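Spelled out, the chains give:
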Amino acid sequence: MAMIKQLDKRSGITYVYESTSYWDRDKKQPRSKRTLIGRLDPNSGEVVPTDGRGKRRSIKSLNPPAKRGPVPVTQTERLFFGATYLFDQIGIVTGVTADLKTCFPHTYKQLQSIVYYLILEDRNPLFRFKKWAMLHKHPYGNTIPSQRSSELFQSITEDAKMQFFRLQGKRRIEKEYWAYDSTSISSYSESLRQVKYGKNKDGEKLPQINLALIFGENSGLPFYYRKLAGNIPDVKTIRELLRELDVLGYEKIKLVMDRGYYSADNINALYQEHRKFLCSTSAALKFAKNSIREIGAEKDRYEHYNSDLELYVFSRTIVWDYEQERPYKGDTIKEERRMYLHLYFNPDKFSDDSKALNRKLDALKAELLSGKRVPEHEKDYRKYFWVKETPKRGISLSYKQEAIDSVRERYGFFVLISNEVKDPVTALRLYRMRDVIEKAFWNIKERLNLRRTLTSSESSLEGKLFVEFVALIYLSYIKKKMEEAGLFSRYTMQELLDELDVIECFREPGKAPIQGEVLKKQEQIYRDLGVEPLLAAPEMK
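Note that this is a predicted model, so its numbers are computed, not measured.

Cut-off values and rules
- Residues numbered from 1 in each chain as written.
- Predicted model: local features only at pLDDT ≥ 70, side-chain atom pairs only at ≥ 80, totals over all residues.
- Heavy atoms only, no water.
- Pairing = 2+ DSSP bridges.
- Helix = DSSP H or I, 4+ residues; strand = E, 2+ residues; numbered from the N terminus.
- Contact = heavy atoms within 4.5 Å.
- Salt bridge = Lys/Arg side-chain N within 4 Å of Asp/Glu carboxyl O.
- Buried < 20%, exposed > 50% of the residue type's maximum accessible area, 1.4 Å probe, protein only.
- Expected span 1.5 Å × (residues − 1).
- Axes fitted to C-alpha atoms, helices over the stretch in contact; angles between N-to-C directions.
- Parallel < 35°, antiparallel > 145°, perpendicular 65-115°, else oblique.
- Left-handed = near helix turned anticlockwise from the far one by under 90°.
- Nonpolar A, V, L, I, M, F, W, Y, C, P; charged D, E, K, R; others polar.
- Patch = residues over 30% accessible without salt bridge, like charges linked within 9 Å, V, L, I, M, F, W, Y side chains within 5 Å.
- Areas by Shrake-Rupley, 256 points an atom, 1.4 Å probe, with all protein chains shown as cover.
- Lys, Arg positive; Asp, Glu negative; His and termini not counted.
- Charge placed at Lys NZ, Arg CZ, Asp CG, Glu CD.
- Polar contact = N/O pair within 3.5 Å; in protein donor to acceptor, adjacent residues only side chain to side chain.
- Arc of directions from axis to C-beta.
- Core = buried A, V, L, I, M, F, W, Y, C linked by side-chain atoms within 4.5 Å.
- pLDDT = per-residue confidence, 0-100.

Chemist: Got a minute to help me understand the sheet that holds strand E5 (residues 77-80) in this structure?
Modeler: The strands making up a sheet are joined through hydrogen bonds of the backbone, oriented either antiparallel or parallel. Reading across the sheet, the three strands line up as E5-E17-E18 and stay open at both edges, with antiparallel pairing between neighbours. On the outer flanks of this sheet lie E5 and strand E18 (514-515), each paired with one strand and no other. Here strand E17 (residues 504-507) pairs with E18 via two bridges, running antiparallel. Bridged to Phe-506 within E18 is Ile-514.

Have a look at this one:
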């Protein structure tokens, strides 16, 4: 039996039918019978009976009113709850439960239950939620059919999401740096407006959307994300990001970005908005090349070696040529701003880069001598070779050694710039913090099963991304605590969750739930993860 909604285009009324499938023995094919229940109220989402039909039937609205008190247990149950108890406690510690309840007062328990399922059932699609829900104690306490989950995603509004971001953002430390990066999510859908062909970071030849995340350096937790069209490059996203963060009320912004976000326009925008930043850049930029030339033969002297980083470290204070166009006045402000330039030399990388250049020059040389020139390589031919061709001697080459040396001199160098961080060691530590985003993208695509969008409507995709984002908060919390407690030396994350998931609870009508046995090592896991533990039974003497 299923509920069918059908819009009458003449009247604008959406009618709701009860559809029952059956087998037609005469025609030898499946058939269905529809019975009109009523029409859908556009404001409340409830079904209103029409013409006296279906008066005894009723359908719950998408956001039903809150019930008074807990739903009593009507049958004896034995459920797994050790892992879901952990998630309950993480929701309290991080404020996720309170913030979801504030923003989604009627559906937050359903949202949490789906989040729990996505985390525990690695890579499993939502249609298997029913089986999982029958075996686990979870916030909603009931199953959520596949159709219901789609409606649930569609009910997540932009206003509610932005309110959640604000609440979560207030729980983060304002003085910490925020890592910002994006990834691509491929899609087969032709109906999603933002699915476009772009630079696919997984190397897939499919259209995509882009997903950008912001993580806190100290908390290790995400607190904001943006969905972008698949053809928008990273470098074009900074100004819009600053505007959105300003709308959310985030004043003390400190961003850590990779070189894909570097451009003179973006750096000027960050200076203009008085935002602190730390950004990787190319060693081929003029100010970087000039500093590398100044370092020269000192690049591998022991006095510049840092044993902790195992790198040669250099730092300079340079001048940034700031520009700000003022259309309302028809002029351009040009000023000098202070900037810190940090350079890191890695001899192993220098060797690898030099070998790669030699292989490249060999390939270019072979193309030129064979006469099989590649159009895309014409710029490199002109850059590295003098080419002379005569009827008698054919093609002869000579090398532009100055150009080759100019490229080689910056090999092995890694460059960071900042308008706040003076110490090069601190700067590199902050930049390496971005690894948390790379692991988060893996969790989203692999563990949470979002390598493809797998939705065909805009509203469903928006809601699904939000639920996946909430799940990522829980996963990031567990990962950080496992790292701090050294648990990865004994467990993978899945093994740790499985260790807790075997704990049961027994529920009988009219009685309080009875907790199953908890081992000492399970109790210690809860403590290591920073939550109130389920206590182990006392050992028998």
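What follows picks up the thread again.
Chemist: Please explain the environment of Leu-397 as it appears in this structure.
Modeler: You can see Leu-397 is positioned in strand E15 (residues 394-399). With 11 residues separating them in the primary sequence, Leu-397 and Trp-386 have C-alpha atoms 5.7 Å apart. Not counting residues up to four positions away in its chain, the partners in contact with Leu-397 are Lys-365, Leu-368, Leu-369, Phe-385, Trp-386 and Val-387.

Chemist: Sorry if this is basic, but what is going on with the pattern of salt bridges here?
Modeler: For side chains of opposite charge, pairing can occur when their charged atoms come near one another. For the structure shown, the criterion picks out 26 salt bridges. The salt bridge involving Lys-161 is made with Glu-462; its shortest N-O contact spans 3.0 Å. With Lys-161 in helix H6 (residues 158-170) and Glu-462 in helix H15 (residues 458-485), this residue pair connects regions lying 301 residues apart in the sequence. When its relative accessible area of 23% is taken as the criterion, Glu-462 is described as partly exposed. A salt bridge links Arg-275 to Asp-246; the nearest nitrogen and oxygen atoms lie 3.8 Å apart. Of the two residues, Arg-275 is situated in the loop between helix H8 (264-272) and strand E10 (276-281) and Asp-246 in helix H7 (residues 238-247); the sequence distance between them amounts to 29 residues. Overlapping salt bridges, with partners in common, bring together Glu-158, Lys-161, Lys-227 and Glu-462 in one network.

Chemist: I'm lost on helix H1 (residues 82-94) in this one. Help?
Modeler: Three or four residues apart is the spacing at which side chains of an α-helix point the same way, because the helix has 3.6 residues per turn. Its 13 residues place the ends of H1 19 Å apart at the C-alpha level, agreeing with the 18 Å of an ideal helix rising 1.5 Å per residue. H1 sits mainly inside the fold: 10 of its 13 residues count as buried. If you check which residues of H1 are buried, you get Gly-82, Ala-83, Thr-84, Tyr-85, Leu-86, Phe-87, Gln-89, Ile-90, Gly-91 and Thr-94. Two residues or fewer past H1, Gly-95 is found with a positive phi of approximately 80°.

Chemist: Would you explain the pairing of strand E8 (residues 222-229) in this entry?
Modeler: Working note: regular strand, side chains alternate between the two faces of the sheet. Buried residues dominate E8, accounting for eight of its eight residues. Where strand E7 (residues 208-216) meets E8, seven bridges bridge the pair, whose relative direction is antiparallel. Among the inter-strand pairings, Ile-214 is bridged to a residue of E8, identified as Tyr-224.

Chemist: Please explain the packing of H1 against helix H3 (residues 108-120) as it appears in this structure.
Modeler: For any two helices packed against each other, one specifies the crossing angle of their axes together with the interaxial distance. At a minimum axis distance of 11 Å, the contact between H1 and H3 shows a crossing angle of 125°. One way to sum up the angle between H1 and H3 is to call them oblique. For the pair H1 and H3, the sense of crossing is right-handed. Taking contact as the criterion, the partners of Ala-83, Thr-84, Phe-87 and Asp-88 in H1 are, on H3, Tyr-116, Ile-119 and Leu-120. Classifying every residue of the contact of H1 with H3 by side-chain character gives five nonpolar, one polar and one charged.

Chemist: Whenever I open this one, a negative patch on the surface confuses me. Can you help?
Modeler: Together, Asp-321, Glu-323, Glu-325 and Glu-336 line one region of the surface with negative charge. Ranked by the residues each element gives to the negative patch, the list is headed by strand E12 (residues 311-326), at three residues. Residue classification places Glu-336 among the exposed positions, given a relative accessible area of 62%.

Chemist: Is there a simple way to explain unusual backbone geometry in this structure?
Modeler: In most cases, non-glycine residues show a negative phi, while peptide bonds are predominantly trans. At His-274, a position not held by glycine, the phi torsion is positive, near 60°. Summarising the element assignment, His-274 is placed in the loop between H8 and E10. Assessed through its relative accessible area of 67%, His-274 is described here as exposed. In this structure, Glu-310 is a non-glycine residue whose phi angle is positive, near 55°. Among the structural elements, Glu-310 can be located in the loop between strand E11 (305-306) and E12. Assessed through its relative accessible area of 55%, Glu-310 is described here as exposed.

Chemist: Is there a simple way to think about the environment of Ala-283 in this case?
Modeler: Inspection of the secondary structure puts Ala-283 in the loop between E10 and helix H9 (286-295). Every residue in contact with Ala-283, bar those within four places of it in the chain, is listed here: Ala-288, Lys-289, Ile-292, Arg-410, Phe-413 and Val-415.

Chemist: Would you take a moment to explain the side chain of His-304 for this structure?
Modeler: Within the fold, His-304 resides in the loop between H9 and E11. Taking relative accessible area as the criterion, His-304 reaches 18% and is therefore assigned buried. A distance of 3.3 Å separates the side chain of His-304 from the side chain of Glu-298, its partner in a polar contact.

Chemist: Would you take a moment to explain the sheet that holds E12 for this structure?
Modeler: Reading across from one edge, E8-E7-E6-E9-E10-E16-E13-E12-E11 is the order of the nine strands in this open sheet, with mixed pairing throughout. Looking at the sheet topology across the chains shown, the edges are occupied by E8 and E11. In terms of strand pairing, E10 meets strand E16 (residues 413-418) through four bridges, oriented antiparallel. Directly across from Leu-278, in E16, lies its bridge partner Ser-418. Contacts from H15 reach strand E6 (178-186), E7 and E8 within the one sheet, and its direction differs from that of E8 by about 150°.

Chemist: Just checking my understanding: could you explain helix H5 (residues 146-154) for this structure?
Modeler: Arg-148, Ser-149, Leu-152 and Phe-153 are the residues of H5 that are buried. Buried residues along H5 cover an arc of 140° about the axis, so they all sit on one side. Contacts made by the buried residues of H5 are with H3 and H15.

Chemist: Explain the nonpolar core here, please?
Modeler: Buried together is how nonpolar side chains tend to be arranged in soluble globular proteins. Core analysis: the largest hydrophobic core is formed by 140 residues, its most contacted members being Leu-86, Phe-87 and Phe-164. Sort the elements by how many residues they give to this core and H15 lands first, with 14 residues.

Chemist: I'm lost on the confidence of the model for the chain in this one. Help?
Modeler: Close inspection of predicted coordinates is inappropriate in any region flagged by low pLDDT. When pLDDT is averaged along the chain, the result is 84; 87% of the residues meet or exceed 70. For residues 52-63, every residue scores under 50 in pLDDT, and the model assigns this stretch 22 contacts once sequence neighbours within four places are set aside. Segment residues 537-541 is flagged for pLDDT under 50; beyond a separation of four residues in sequence, or across chains, it makes two contacts in the model.

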